[in-house]
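What follows is the residue order along each chain.
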Amino acid sequence: MTESLTEFRASLTGDVLAPSDREYERARLCFNLLIDRRPAAIARCVDADDVATALAFAQQHDLEIAVRGGGHNPAGHCAVDDGLVIDLSRMRNVGVDPEARIAISEGGATWMDLDAATQAHGLVTPGGVVGSTGVTGLTLGGGIGHLTAQYGLTCDNLIAAELVTPVGEVVRANGDETPELLWGIRGGGGNFGVATRLMFRLHPLERVIGGLLEYAGGGVPGALRAFRDVDAGARKDLSCQAQLKVDEGLTPALTIAPCYTGPDEDPREYRALRSAPGLVSDGVRSQGFLDQQRVFDPGYGIDRHYWKGHFVGELPDELLDMLLERMAALGRPPGAILIESLRGAPKEVDPTSAAIGYRGAAFNVSVMATWIDPALDDEHIAWARETAAAIEPWSVSGGYANYMQADEPLDRVRSAFGAASFDRLRALKTRYDPGNVLHRNQNIPPI
Ligand SMILES: Cc1cc2nc3c(=O)[nH]c(=O)nc-3n(C[C@H](O)[C@H](O)[C@H](O)COP(=O)(O)OP(=O)(O)OC[C@H]3O[C@@H](n4cnc5c(N)ncnc54)[C@H](O)[C@@H]3O)c2cc1C
């Protein structure tokens, strides 16, 4: 292996990290500390040729492959014991054509990279809410964030991509030449090739009215209902998500993160949210979009995570009360239940344009167990599983692939797409990756 690694290093423009290298320990780390894997090598590619070389090297040496963008996937798909990580963290350039309103982002760019580049021209594409998340991983799984109601899912704004397939072929996914592949990568994940470039449609946007509204104590059940009701009646220029938590004394806490992009100085939706019971902190203000993108920024590689959830068609009182009870049952912070609205633009997009099957859902409800002490693993994982099971009666289209752990059964992956789309995705997988070389993902098995 040492000899072949030397040859591999020489054949790559980027670099290769082995366990004895100084940067290896940091480079193998994922966002989720529950995942602790030691790859045989990490190939830090700088272009599509490097990616093709790394794919060939892994297959010649029977090494399992993991593809790493921003390293945020809670399932830890970007890390593999004894295998090869194809790490795109040196491919983070983002080019913007302001006249054509298009951005081209390299396969390892993060939202921080893309937002900074597009905002320099007063433009934006809807992405994730945390700057260090990978643009590619998030987009290939759908993409829900602060601008979902206004501009749709992130994958709805993906107009083309360049992929390197496991045989080393560079293929383009676009609406003219390869519409089926473009459809498949809008939600179907990293199943078909390693994406080296993504092209996005951009929208003009500079300032938003956004930030965080915090509620605590006995008012939280009422505030949670207000969130649901305000969202139901909101205009398309407001995206909204909410996080339920508890504090050390098991008092319930709710954070609402609205993002308004319309013309009003004092939108009626905000008046309703501010008059909801239990408001203890009002951080909503007019701010630049880059500031809005920082309202949730957490640290990287600090906590252990186990996430599980369901798309739901509605949020009846019974479900909200059950969520409040389950937060109390957690017994200690941190940990949260995230509720993301899918109202607005995602419903206006042609449903046949993307492989995802949850466009019709009203909300994505995700149980997010987060802790630090490894001795608490079983307890927190059980809490997340039991809470997700309690949400299941309201489930309409499976779970969100971007938040799934690696232990999800195939049926859950299938229901996230719907049976017909899943069969189409399997046909596409058979065409581009018949040997299932790229299987460390929410896997679509070839036929
Ligand atoms: C703190 C945090 C915040 C998040 N916020 C949001 C949010 O606001 N909205 C949302 O929708 N999701 C969010 N997510 C979920 C996130 O979208 C997914 O976990 C996504 O998979 C992360 O992509 P990544 O590139 O960072 O992860 P990685 O772990 O590097 O990659 C995950 C998988 O994506 C695929 N992949 C990544 N890059 C490539 C590539 N270049 N080519 C082919 N396949 C690739 C591979 O299968 C890889 O295993 C968040 C996750 C975290 C941890």
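Residues numbered from 1 in each chain as written. Predicted model: local features only at pLDDT ≥ 70, side-chain atom pairs only at ≥ 80, totals over all residues. Heavy atoms only, no water.

### Considerations on the nonpolar core
With 46 residues, the main nonpolar core has Tyr215, Leu244, Leu254, Ile256, Leu315, Leu323 and Val365 as its most contacted residues. Of the residues forming this core, the biggest block, seven residues, is contributed by helix H11 (residues 317–330). Apart from residues no more than four positions distant in its own chain, Leu323 is found in contact with Leu244, Ile337, Ile339, Val365 and Ile391. Trp111, Leu114, Leu158 and Ala173 belong to the second-largest nonpolar core, a separate cluster that totals 34 residues. (Core = buried A, V, L, I, M, F, W, Y, C linked by side-chain atoms within 4.5 Å. Buried < 20%, exposed > 50% of the residue type's maximum accessible area, 1.4 Å probe, protein only. Helix = DSSP H or I, 4+ residues; strand = E, 2+ residues; numbered from the N terminus. Contact = heavy atoms within 4.5 Å.)

### Topic: the site of the ligand
Taken together, 35 residues sit near the ligand, with Gly69, Gly71, Ile144, Ala195 and Tyr400 positioned nearest. Note that an oxygen atom of the ligand is positioned 2.7 Å from one of the backbone N or O atoms of Gly69. Contact distances for the ligand include 2.7 Å between an oxygen atom and a backbone N or O atom of Gly71. When contributions to the shell around the ligand are tallied by element, the ones reaching two or more residues are strand E3 (65–68), helix H5 (135–140) and strand E10 (194–201). Here the element with the most residues in the shell around the ligand is H5; it accounts for four residues. (Near = heavy atom within 4 Å. Polar contact = N/O pair within 3.5 Å; in protein donor to acceptor, adjacent residues only side chain to side chain.)

### As for the environment of Ile391
Relative to the assigned elements, Ile391 resides in helix H13 (residues 377–391). Classification of Ile391 by relative accessible area gives buried; the value is 0%. Taking the C-alpha atoms as reference points, Ile391 and Val171, 220 residues apart in sequence, are found 40 Å from one another. Residues contacting Ile391, with those up to four places away along its chain left out, are His310, Val312, Leu319, Met322, Leu323, Val365 and Val367.

### Some points on the sheet that holds strand E2 (residues 41–44)
Taken together, four strands build an open sheet; the order of strands is E1-E2-E4-E3 and the sheet is mixed. Strand pairing shows two members of the sheet lacking a second neighbour, strand E1 (15–17) and E3, which therefore form its edges. Between one strand axis and the next, the sheet turns through 20 degrees on average, direction left out of account. On top of the sheet, helix H1 (residues 2–11) reaches E1, E2 and strand E4 (84–87); it is set at about 150 degrees to E1, its chief contact. Relative to E4, helix H3 (residues 48–60) is tilted by about 175 degrees, and along the sheet it contacts E2, E3 and E4. (Pairing = 2+ DSSP bridges. Axes fitted to C-alpha atoms, helices over the stretch in contact; angles between N-to-C directions.)

### Re the side chain of Thr154
Here Thr154 shows up in the loop between helix H6 (148–151) and strand E8 (158–164). Setting aside residues no more than four positions away along its own chain, Thr154 makes contact with Trp111, Pro126, Gly127, Leu138, Thr139, Gly142, Gly143 and Phe200.

### Looking at the packing of aromatic side chains
For any two aromatic rings, the description comes down to two numbers: the centre-to-centre distance and the angle of the planes. Under the definition given, this model contains 10 aromatic pairs. Ring geometry for Phe227 and Phe363: centres 6.0 Å apart, planes at 50 degrees, overall tilted. Within this pair, whereas Phe227 is found in helix H8 (residues 220–233), its partner Phe363 is found in strand E20 (residues 363–371), the two being separated by 136 residues in sequence. Relative accessible area serves as the criterion here: at 0%, Phe227 is assigned to the buried category. Arranged with centres 4.2 Å apart and planes meeting at 5 degrees, the rings of Phe311 and Tyr358 form a pair that is stacked. Taken together, the residues span a long stretch of sequence, with Phe311 in strand E18 (residues 304–312) and Tyr358 in the loop between helix H12 (345–348) and E20 at a distance of 47 residues. Counting every residue linked through ring pairs, the aromatic cluster contains Trp307, Phe311, Tyr358, Tyr400 and Tyr403. Of note, Arg424 hangs over the ring of Trp183, and the distance from its end group to the ring centre comes to 3.7 Å. (Phe/Tyr/Trp six-rings, centres within 6.5 Å; stacked < 30°, edge-to-face > 60°. Lys NZ or Arg CZ within 6 Å of the ring centre and 35° of its normal.)

### Let's talk about unusual backbone geometry
Along the chain, Pro333 connects to Pro334 via a cis peptide bond; the corresponding omega equals -5 degrees. Looking at the secondary structure, you find Pro334 in the loop between H11 and strand E19 (336–341). The residue Asn436 is not glycine, and still its phi comes out positive at about 50 degrees. Relative to the elements of secondary structure, Asn436 occurs in the segment after helix H15 (419–432).

### Overview of the packing of H11 against H13
Interaxial distance between H11 and H13 falls to 10 Å at its minimum, and their mutual angle equals 170 degrees. Compared by their axis directions, H11 and H13 come out roughly antiparallel. Contacts between H11 and H13 involve Leu319, Met322, Leu323, Arg326, Met327, Ala329 and Leu330 on the former and, on the latter, His380, Trp383, Glu386, Thr387, Ala390 and Ile391. Classifying every residue of the contact of H11 with H13 gives nine nonpolar, two polar and two charged. (Parallel < 35°, antiparallel > 145°, perpendicular 65-115°, else oblique. Nonpolar A, V, L, I, M, F, W, Y, C, P; charged D, E, K, R; others polar.)

### Details of the packing of H8 against H11
It is the contact of H8 with H11, at a shortest axis distance of 11 Å, that shows an interaxial angle of 135 degrees. By the angle class used here, H8 and H11 are oblique. Seen from above, H8 lies across H11 with right-handed handedness. The residues of H11 that touch H8, namely those facing Val220, Pro221, Leu224, Arg225 and Arg228, are Asp317, Leu320, Asp321 and Leu324. Here the residues of the contact of H8 with H11 are counted per class, giving five nonpolar, no polar and four charged. (Left-handed = near helix turned anticlockwise from the far one by under 90°.)

### Remarks on the pattern of salt bridges
With the rule as written, the count across this model stands at 34 salt bridges. Arg44 is the salt-bridge partner of Asp15, the closest N and O atoms lying 2.7 Å from each other. One end of the pair, Asp15, is in strand E1; the other, Arg44, is in strand E2, with 29 residues separating them in the sequence. We note a salt bridge from Asp433 to Lys429, for which the minimum N-O separation is 2.8 Å. The class of Asp433 is buried, set by a relative accessible area of 1%. Classification of Lys429 by relative accessible area gives buried; the value is 0%. Within the structure, one salt-bridge network assembled from shared partners comprises Asp15, Glu23, Arg26, Arg44 and Arg90. (Salt bridge = Lys/Arg side-chain N within 4 Å of Asp/Glu carboxyl O.)

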